[in-house]
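Results of the structural survey
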Amino acid sequence: MRNSLYAALLLGAGALVALPAAAADLRIGLQDDPDMLDPDQSRSFVGRIVYTSLCDKLVDITPGLEIIPQLATSWTWSEDGTELTMDLREGVTFHDGTAFDAEAVKANLERSKTLPESRRKSEVKSIESVEVTGPLQVKITLAQPDATLLAQLADRAGMMVSPKAAAEAGADFASNPVCSGPFKFVERVQQDRIVLERFADYWNADKIHFDKVTFLPIPDTTVRLANLRAGDLDMLERLAATDAASVKSDAELTYADAVSLGYQGITVNVGNGERADTPIGQQAKLRQAFELTLDRDAINQVVFEGVFAPGNQPFPPTSPWYDKNVPIPARDVAKAKELMKEAGVESFDVEVQVANNPVQMQMMQVVQAMAAEAGINVKLKSTEFASLLADQSSGNFEMSQVGWSGRIDPDGNIHGFLTTKGGLNDGKYSNPEVDKLLDKARTSNDLATRKASYDAATEILAKDLPIIYLYHVTWIWALDNKIEGFVPYPDGMIRLENVRFSDQ
């Protein structure tokens, strides 16, 4: 039903998705359909939005990026930084009725390290052992100091799932995820909806004011906004920058935004299977030429109304981790052609896969036109987002336009993507010196030492270009004005504590 209405709206028929809503049922429009709903296996940004309602973590963050308690109430470090002792919250229950305790934390962290399909392995690599030191206390021993660990535990590596359910389901846990968050899983229909219902035994239940939350993947930004205005959605994430002024001037809607921690870029397949055997995959000079065809400021103005921030590193230019010695290169088509000539080609073809939403397609069409001026023939392959990620993992791509929502610690934006064994290194880039520098950065608590390591790695990566960074987004939400209490966070998540309808 919804797919046919969606198509009709795209054709200009003005049809809208008709979704019934009870007084305390919240409907959220997502830009993409999440991949699998298993914190250890998943990788999509929208999946993390769903997890925020489904799966509590050991720690969380404030809007100002301070780490605060969630399932862990307090923690202390040993003097040498190799032991983290965490005290856990009493009275927490998983959605299947089993108790959350120190044994559950041990089981979860060991699952992240050992599950064959786990994408969290590089995030918890420093954990050597987890010891239960009391019913509600664990001691985590590290092989070496890890400045990133608490930040990792504020994300998927720290999400606690029911050990009983995880053991029974194994790699199929995503089909019926069981966590301890404010809402529990009810159903999922791929490309259509994910439904959660209020968990009556939630430890913080008095701050939750919805009986049900339904997440609706609607890739077209125009359709998402039309459904919000029609009353068939209550809020949406990632409003198109071109619609920001319209929403701000609409008395029926509320606008909210926050500068993100992440980036958007193009990942190049340099070593993941047969499809890495392309001119751009095998020659850094051609990747450099591709980058020199880009005018990032023009992309920002044409596609994003100047709302976003152009960038060329995993960290935005406003970040203290940004290397100012490697500035955004100016567009230089003549230099691009010189590099191509040095590489022995006058022109070459490359296929870039891109998510099937109009904003990303428009952005890549601008890139396509820019690259063409140097003789680089870009073929765009529009792909449903979950399929795009699956193709990246399997190596079934040449280049892929994809982003990262960002992490509060800089390690989370770079290590997993660009170290040889990184769990998110889909292009299979491998440089021993980069590995050494990024490993050093995550084992030091000294900020100057970490900054020097990231800068040295950045200088190498700016030449190798396994990822060609494009820009840094501003997260934008649009809400029906009957919603009260929503707070925008720079991680882009939708936290529903203290959020309610005004008539509740």
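Structure report, in brief. (Residues numbered from 1 in each chain as written. Predicted model: local features only at pLDDT ≥ 70, side-chain atom pairs only at ≥ 80, totals over all residues. Heavy atoms only, no water.)

Pairing within the open sheet is mixed, and its six strands lie in the order 14-18-13-17-15-16. In this open sheet, the two edge strands, each paired with only one partner strand, are strand 14 (309-310) and strand 16 (376-383). Examined bridge by bridge, strand 13 (residues 263-268) and strand 18 (residues 467-472) share four bridges and lie antiparallel to one another. Among the inter-strand pairings, Gly265 is bridged to a residue of strand 18, identified as Tyr469. (Pairing = 2+ DSSP bridges. Helix = DSSP H or I, 4+ residues; strand = E, 2+ residues; numbered from the N terminus.)

So, on to the sheet that holds strand 12 (residues 253-259). The strand order across the open sheet formed by seven strands is 8-9-10-1-11-19-12, and the pairing between neighbours is mixed. Every interior strand has two partners, whereas the edge strands, strand 8 (183-189) and strand 12, have only one. On average, each strand axis in the sheet is tilted by 20° relative to the strand beside it, whichever way the strands run. Pairing between strand 1 (residues 25-30) and strand 10 (residues 212-217): six bridges, direction parallel. Its bridge partner being in strand 10, Leu30 is matched across the sheet by Pro217. Of the strands in this sheet, strand 1, strand 11 (235-237), strand 12 and strand 19 (474-480) are in contact with helix 6 (residues 221-229), which crosses strand 11 at around 160°. (Axes fitted to C-alpha atoms, helices over the stretch in contact; angles between N-to-C directions. Contact = heavy atoms within 4.5 Å.)

On to the packing of aromatic side chains, then. Any aromatic ring pair is given by two values, namely how distant the centres are and how the planes are angled relative to each other. Throughout the structure, instances matching the rule amount to 13 aromatic pairs. Look at Phe210 and Phe501: their rings are 5.0 Å apart centre to centre, the planes differ by 75°, and that puts the pair in the edge-to-face class. Linking Phe210 in the loop between strand 9 (193-198) and strand 10 with Phe501 in strand 21 (residues 500-501), this pair joins segments that are 291 residues apart in sequence. Comparing Phe210 with Phe501 shows no difference in burial state: the two are buried. Seen from their ring centres, Phe315 and Tyr454 are 5.9 Å apart, and the 70° between their planes marks the pair as edge-to-face. With a gap of 139 residues between them, Phe315 in the loop between strand 14 and helix 11 (333-342) and Tyr454 in helix 16 (residues 447-464) connect regions that are remote in the sequence. Looking at Tyr454, the relative accessible area reads 1%, which means it is buried. Clustering of aromatic rings is evident, with ring pairs tying together Tyr263, Trp404, Phe417 and Tyr469. The ring of Phe173 has Arg111 lying over it, and the distance from NZ or CZ to the ring centre is 5.3 Å. When the ring centre of Tyr255 is taken as origin, the NZ or CZ atom of Lys248, which lies over that ring, is 4.7 Å away. (Phe/Tyr/Trp six-rings, centres within 6.5 Å; stacked < 30°, edge-to-face > 60°. Buried < 20%, exposed > 50% of the residue type's maximum accessible area, 1.4 Å probe, protein only. Lys NZ or Arg CZ within 6 Å of the ring centre and 35° of its normal.)

To continue, consider the pairing of strand 8. Bridge count for strand 8 against strand 9 is six bridges, and the pairing is antiparallel. From the neighbouring strand, Lys184 faces strand 9, where its bridge partner is Glu197. Between strand 8 and strand 9, which pair antiparallel in sequence order, lie three residues; one of them, Gln191, sits at a positive phi of approximately 65°.

Turning our eyes to something else, we now look at the pattern of salt bridges. Under the definition given, this model contains 31 salt bridges. With its nearest N and O atoms 3.7 Å apart, the salt bridge here joins Glu131 to Lys139. Using a relative accessible area of 39% as the deciding quantity, one classes Glu131 as partly exposed. By relative accessible area, which is 22% here, Lys139 ends up partly exposed. For Asp411, the salt bridge goes to Arg442, with nearest N and O atoms at 2.9 Å. (Salt bridge = Lys/Arg side-chain N within 4 Å of Asp/Glu carboxyl O.)

To continue, consider helix 3 (residues 102-114). With 13 residues, helix 3 extends 18 Å from end C-alpha to end C-alpha; this agrees with the ideal 18 Å at 1.5 Å per step. Along helix 3, the residues classified as buried are Ala102, Ala104, Val105, Asn108, Leu109, Arg111 and Ser112. In this structure Asp101 caps helix 3, since a side-chain oxygen of it lies 3.2 Å from the backbone nitrogen of Glu103. (Expected span 1.5 Å × (residues − 1). Polar contact = N/O pair within 3.5 Å; in protein donor to acceptor, adjacent residues only side chain to side chain.)

The subject of this paragraph is the environment of Ile483. Take Ile483: it is sitting in strand 20 (residues 483-484). Apart from the residues lying within four places of it in its own chain, the contact partners of Ile483 are Leu26, Asp234, Met235, Val499, Arg500 and Phe501.

Let us look at the packing of helix 10 (residues 296-304) against helix 12 (residues 358-372). Across the interface, helix 10 lies against helix 12 with an axial gap of 10 Å and an inter-helix angle of 140°. One way to sum up the angle between helix 10 and helix 12 is to call them oblique. With respect to the hand of their crossing, helix 10 and helix 12 are arranged in right-handed fashion. Contacts between helix 10 and helix 12 involve Ala298, Ile299, Val302, Val303 and Phe304 from the first element and Val359, Gln362, Met363, Val366, Val367 and Met370 from the second. Residue composition of the contact of helix 10 with helix 12, by class: 10 nonpolar, one polar and no charged. (Parallel < 35°, antiparallel > 145°, perpendicular 65-115°, else oblique. Left-handed = near helix turned anticlockwise from the far one by under 90°. Nonpolar A, V, L, I, M, F, W, Y, C, P; charged D, E, K, R; others polar.)

Here the focus is the packing of helix 15 (residues 432-442) against helix 16. It is the contact of helix 15 with helix 16, at a shortest axis distance of 8 Å, that shows an interaxial angle of 155°. In this view, helix 15 runs roughly antiparallel relative to helix 16, as classed from their interaxial angle. In the crossing of helix 15 with helix 16, the sense of the turn from one axis to the other is left-handed. The residues of helix 16 that touch helix 15, namely those facing Glu433, Val434, Leu437, Leu438, Lys440, Ala441 and Arg442, are Thr449, Arg450, Ser453, Tyr454, Ala456, Ala457, Ile460 and Leu461. Considered class by class, the residues forming the contact of helix 15 with helix 16 number nine nonpolar, two polar and four charged.

Along the polypeptide, Thr383 turns up in strand 16. The exposure class assigned to Thr383 is buried, which follows from its relative accessible area of 7%. Within the structure, the side chain of Thr383 is placed 3.3 Å from the backbone oxygen of Lys381, a separation counted as a polar contact. With residues up to four places along the chain from it excluded, the contact list for Thr383 reads Gln353, Val354, Ala355, Asn356 and Leu388.

One pass over the structure, following the stated rule, counts one disulfide. With its sulfur 2.1 Å from that of its partner, Cys55 forms a disulfide with Cys179. Torsion about the S-S bond of the Cys55 and Cys179 cystine: about 50°, corresponding to right-handed handedness. Of the two residues, Cys55 is situated in the loop between helix 2 (45-54) and strand 2 (59-61) and Cys179 in the loop between helix 5 (163-169) and strand 8; the sequence distance between them amounts to 124 residues. A relative accessible area of 0% places Cys179 in the buried class. (Disulfide = S-S within 2.5 Å.)

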